[in-house]
Amino acid sequence: MECELRVTLPSNTPVVGCELNPWVRVITPQRQHTLLQAPQQTLNFTWYCEHSTYSEHHADQGLLVVEREGKAWVKLGSSRTYVPSLRDFGFSLRLESVATDGLMGMHLSPVNVTVTDPVITSPAPCPRSMISVGAPLHSTNLSFEAQSCNGETFTVLSYNVLSDIYASRDMYSYCPDWALTWEYRRQNLLQEIVGYNADILCLQEVQSDHFENFFSPELEKRGYSVIYKKKTKELYTSNQYTIDGCATFFRHDQFKEIIKYELEFDKSALMVVEALKPHKRSEGCFRLMKGNIALVGILEAVENNSIYDGTKFRICVANTHIHANSSFPDAKLFQVVSLIMGLEKLAYSQIPILICGDMNSLPGSDPHRFVLDGKVKPVLTKSMDPFRIHKRLKLCHSMHLASAYSSLLQSRRIEEWQKEKMDPATKEPRFTNSKQGFQQTIDYIFYTEDRLKVDDLLELLDQKSLGGVALPSPLWSSDHVALMATFRFKPDFFKQDYSSSPLNPWQDGEPIFQTLVDEEIDDSE
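Since we're looking at a predicted model, the values are computed, not measured.

Undergrad: What am I meant to see in the overall build of the protein chain here?
TA: Within the protein chain, the secondary structure is distributed over 14 helices and 26 strands. Out of the 525 residues in the protein chain, the part that is buried amounts to 53%. Looking at the protein chain alone, contacts between residues at least 24 apart form 76% of all its contacts between residues at least 6 apart. Accessible surface, the protein chain: about 24,200 Å² in total, of which carbon and sulfur atoms supply 49%.

What follows is the structure, given as structure tokens:
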């Protein structure tokens, strides 16, 4: 034999409807002192299921039954991948893999045999309902016909889907291995996302290759257009470089893209780093340049959603993923301020603003208070902010931003058991991220409350709906919780004639700083 095959399945527990795609490594012995060229290899695969899963009726239809090690197996197919069906449920699968000479057809390796555990089905989904939080409109300038076309309301979903490059067994050892595979999670995530039926989807941690070969084609088939921006620092994994990013999908029969802005926080950070003294620049890069991004799109209603004699509404949707490491509060604040300062310039055109994303910042933290209060006075030690970035940032803005989920506590129409999922002290959900040892809120939907109003919110999860386990789990395939809101334009802003937006408010390093002078700051500050 010329070589050996080592075959591994993503999980030894197949799930109905989830593709099995084996990982194959070809081990070829080193050839010494020979001029003979190794023959071209072709990998051949054959899938079988235990014979007892097929009735005699199926056997009569000409299915091939073979015997292996005293057991009967029914041949299923000869492709590399296989998707188990309900008829496989409860029975083991068998994969035979062999390398052959591409020209002669002779075996170049022993037959590798992989036998799985019995096929299982995924748990039934746990539906989440929309909760009405807005009081009905009793008087308005809108006609019934205008409201019926639904041009004044729209739904927005924000969801960190947990990139496969981060879904390691070490990090999520409590999750069954079959439920942690990408083949299972992608189907479960797609079913969940599509089920929410949102007009706009803001997804974070969308892995670049999975965006191309899964999310984009699957959601485009369901009527969505998309803009995408990946992070700027790639990781090497599975013999390739890849990274995750932010994807904003929108229904193409509802919206069209007017302009998009791609914000790379590292470009803004470079201004700070270059202003430092030479001996500090290396540490400055380490602290501030993390590869995070924001994707900002201005969307306009398409022709069949025109309101008021051809006047169309526009919205600005920002989708972002802020740096995660809690040891870098200076980087978190810097990134959030960079985003907000640019959005403020867009807001001058009177366009409503939405900010969706994984902010990796707790309620009451400096970034959170800056967004909602319009200003903040950080208390950061020298070790947390060695370059005193917070003293150089312009820490104020004029946008009237609110957190969508705070409307849950403000409404008298909500049942108490739903309100118990909120933290009354922070006016935010008790958690949007639930890992073993960490259960906190770090995801948000912010909006300009002087221009938009919240009508409905997707109900939150609690320990009961989690099944008493951390995330991800067989039921929920991300460690984050999806957030969703229905927004309504306030009448005063519904007919705004929006002025043209700036080409790019972040293009030339807009002044988010009070100073870039590299001043020596006393450690006692």
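Undergrad: Would you mind going over the packing of aromatic side chains with me for this structure?
TA: All chains considered together, the criterion is met by 19 aromatic pairs. Residues Phe286 and Phe328 carry aromatic rings whose centres are separated by 5.5 Å and whose planes lie at 75° to one another, so their mutual orientation is edge-to-face. Separated by 42 residues along the polypeptide, Phe286 in helix 7 (residues 281-288) and Phe328 in the loop between strand 17 (314-321) and helix 8 (329-347) bring together distant segments of the chain. Residue class for Phe286 comes out exposed when judged on its relative accessible area of 52%. You can call Phe328 buried: its relative accessible area is 7%. Both rings, one in Tyr444 and one in Phe446, keep their centres 5.1 Å apart while their planes meet at 15°; by these two values the pair is stacked. Like Phe446, Tyr444 is buried. Site record: aromatic cluster; members linked through ring pairs are Phe154, Phe255, Phe313, Tyr447, Phe487 and Phe489. The ring of Phe286 has Lys290 lying over it, and the distance from NZ or CZ to the ring centre is 4.5 Å. The ring of Phe328 has Lys290 lying over it, and the distance from NZ or CZ to the ring centre is 3.6 Å.

Undergrad: Whenever I open this one, the environment of Gly17 confuses me. Can you help?
TA: Within the secondary structure, Gly17 is located in the loop between strand 1 (4-8) and strand 2 (23-27). Taking the C-alpha atoms as reference points, Gly17 and Gln187, 170 residues apart in sequence, are found 8.2 Å from one another. Once you skip the residues sitting within four places of it in the chain, Gly17 turns out to touch Val83, Pro84 and Gln187.

Undergrad: Just checking my understanding: could you explain the side chain of His390 for this structure?
TA: One can find His390 in helix 10 (residues 389-392). Side-chain polar atoms of His390 contact the side chain of Asp385, separated by 2.6 Å. Setting aside residues up to four positions removed in sequence, His390 forms contacts with Leu333, Pro378, Leu380, Asp385 and Leu395.

Conventions adopted
All residue numbers here refer to positions counted from 1 along the written sequence of the relevant chain. The predicted nature of this model means local features are confined to residues of pLDDT at least 70 and side-chain atom pairs, given and counted, to a pLDDT of 80 or more, with totals for whole chains, interfaces and linings taken over all residues. Computation of side-chain values: all heavy atoms of the structure, hydrogens and water removed. Each helix corresponds to a stretch of at least 4 residues labelled H or I by DSSP, and each strand to a stretch of at least 2 residues labelled E; elements are numbered beginning at the N terminus. Each residue is assigned to one of three classes by its accessible area relative to the maximum for its type, calculated with a 1.4 Å probe on protein chains only: buried under 20%, partly exposed between the two thresholds, exposed over 50%. Residue contacts are defined here by distance: any two heavy atoms, one from each residue, within 4.5 Å place the two residues in contact. Here the accessible surface of atoms and residues is derived via Shrake-Rupley with a 1.4 Å probe, and residues count as covered only by protein chains that are part of the display. Only rings of Phe, Tyr and Trp enter the pairing, Trp through its six-membered ring, and a pair is recorded when the two centres are within 6.5 Å. The plane angle decides the type: under 30 degrees is stacked, over 60 is edge-to-face, the rest tilted. Only when the NZ of Lys or the CZ of Arg is both within 6 Å of the ring centre and within 35 degrees of the ring normal is a charge said to sit over the ring. Identification of polar contacts relies on pairs of N or O atoms within 3.5 Å, with a donor-acceptor requirement for protein atoms, meaning one able to donate a hydrogen and the other able to accept it, and with residues adjacent in sequence counted only if both atoms are side-chain atoms.

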